[in-house]
Amino acid sequence: MSAMILRRYTNLAATLHILRTRTVTLLDPDKWDDRNDSYFMSVYKKRKGVNCVLALCFAQVEETYHHWRVFSHGADGVRIEFHKERLLAHFAGDPRVRSGPVNYARIDDVERDPPAIDDLPFLKRLPYQDEAEFRIVFTGDEPPAPYPISVESIQRISLSPWLPYPLLQSVKETIRAIDGCARIPVIRSTLIDNERWQQATLGSEE
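This write-up is about the structure you can find in this document. (Residues numbered from 1 in each chain as written. Predicted model: local features only at pLDDT ≥ 70, side-chain atom pairs only at ≥ 80, totals over all residues. Heavy atoms only, no water.)

### Some thoughts on helix 1 (residues 12-21)
Okay, so step 1: Taken together, the buried positions of helix 1 are Thr-15, Ile-18 and Leu-19. Projected onto a plane normal to the axis of helix 1, the buried residues spread over an arc of 90 degrees and lie on a single side. In this structure, helix 1 carries Ala-13 and Arg-20 as exposed residues pointing more than 90 degrees from its buried face.
Okay, so step 2: Buried residues belonging to helix 1 abut strand 1 (5-11), strand 2 (23-24), strand 4 (77-83), strand 10 (154-159) and helix 6 (165-176).
Okay, so step 3: With a side-chain oxygen positioned 3.3 Å from the backbone nitrogen of Ala-13, the residue opening helix 1 is Asn-11. (Buried < 20%, exposed > 50% of the residue type's maximum accessible area, 1.4 Å probe, protein only. Helix = DSSP H or I, 4+ residues; strand = E, 2+ residues; numbered from the N terminus. Arc of directions from axis to C-beta. Contact = heavy atoms within 4.5 Å. Polar contact = N/O pair within 3.5 Å; in protein donor to acceptor, adjacent residues only side chain to side chain.)

### Thoughts on the state of the cysteines
Okay, so step 1: Within this structure, the stated rule accounts for zero disulfides.
Okay, so step 2: Cysteine Cys-52 shares no disulfide, and the gap to the nearest cysteine sulfur, in Cys-57, comes to 14 Å. (Disulfide = S-S within 2.5 Å.)

### Structural notes on the packing of aromatic side chains
Okay, so step 1: Applying the stated criterion to the full structure yields four aromatic pairs.
Okay, so step 2: Their ring planes at 90 degrees and their centres at 6.0 Å tell us that Phe-58 and Phe-82 sit as a pair that is edge-to-face. Here Phe-82 lies in strand 4 and Phe-58 lies in strand 3 (residues 52-59), a separation of 24 residues in the sequence. In this structure, Phe-58 and Phe-82 share a single accessibility class: buried.
Okay, so step 3: Consider the rings of Tyr-65 and Trp-162, whose centres lie 6.2 Å apart with planes at 65 degrees: the pair is edge-to-face. In this pair, Tyr-65 is assigned in helix 3 (residues 65-71) and Trp-162 in the loop between strand 10 and helix 6, connecting sequence segments 97 residues apart. (Phe/Tyr/Trp six-rings, centres within 6.5 Å; stacked < 30°, edge-to-face > 60°.)

### Quick word on a nonpolar patch on the surface
Okay, so step 1: The grouping of Tyr-65, Leu-191 and Ile-192 at the surface amounts to a nonpolar patch, some 260 Å² of accessible area in total.
Okay, so step 2: Following the sequence through the fold, Leu-191 ends up in the loop between strand 11 (186-188) and helix 7 (195-200).
Okay, so step 3: With relative accessibility at 32%, the residue Leu-191 sits in the partly exposed group. (Patch = residues over 30% accessible without salt bridge, like charges linked within 9 Å, V, L, I, M, F, W, Y side chains within 5 Å. Areas by Shrake-Rupley, 256 points an atom, 1.4 Å probe, with all protein chains shown as cover. Salt bridge = Lys/Arg side-chain N within 4 Å of Asp/Glu carboxyl O.)

### Topic: the side chain of Arg-135
Okay, so step 1: Secondary-structure assignment places Arg-135 in strand 8 (residues 133-140).
Okay, so step 2: One polar contact links Arg-135 to Asp-37, side chain to side chain, over a distance of 2.3 Å.
Okay, so step 3: Within the local environment of Arg-135, its side chain forms a polar contact with the side chain of Glu-133, the two groups lying 2.6 Å apart.
Okay, so step 4: Not counting the four nearest positions on each side in its chain, Arg-135 is found in contact with Trp-32, Asp-37, Met-41, Leu-56, Cys-57, Arg-98, Ser-99, Gly-100, Val-102, Pro-121, Phe-122 and Lys-124.

### A word on the pairing of strand 1
Okay, so step 1: Buried residues dominate strand 1, accounting for six of its seven residues.
Okay, so step 2: By the bridge criterion, seven bridges tie strand 1 to strand 4 in an arrangement that is antiparallel. Its bridge partner being in strand 4, Tyr-9 is matched across the sheet by Arg-79. (Pairing = 2+ DSSP bridges.)

Here it is as structure tokens:
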């Protein structure tokens, strides 16, 4: 686990929007696939007595098949790697924003020792622990405007392992043509088709 990198799994349209506008937008947890997770966020919102709770989720670990398949499946999937300190600095001036790693717990433990209200946005069931999630959470009465970020906070962009090779160069050139983005490394994930891994079998004994 790299303590300096936060990985955002998203799609190509959202990536181009981030790069062109130099902003990130926190999202509504009501749309999350994990209903247990979104329920905790709704309880948190109610108990805090606010109208708006938004979040943005990141992975703290290297790529896994689960991350790609669940959060960025398909040819237009993208993983944006952010420099953690540089990214979080863009939220530091807003007291309505909190950030931190997600904690994973067993149902028995939560029933025996109910979490504090402020812990709810950063708590998930233990079966999700391999996601190693990190969250930025906004709590307030009115949704904030998109948060400005610097291109320098982006370390690398990985394109979907399902992206067809004939499209790869065009997508790379589209990203690098955006003002200020020429320096960003853009690669295609080799998670499901890695030549080095395949070549390693050549040394196996028959």
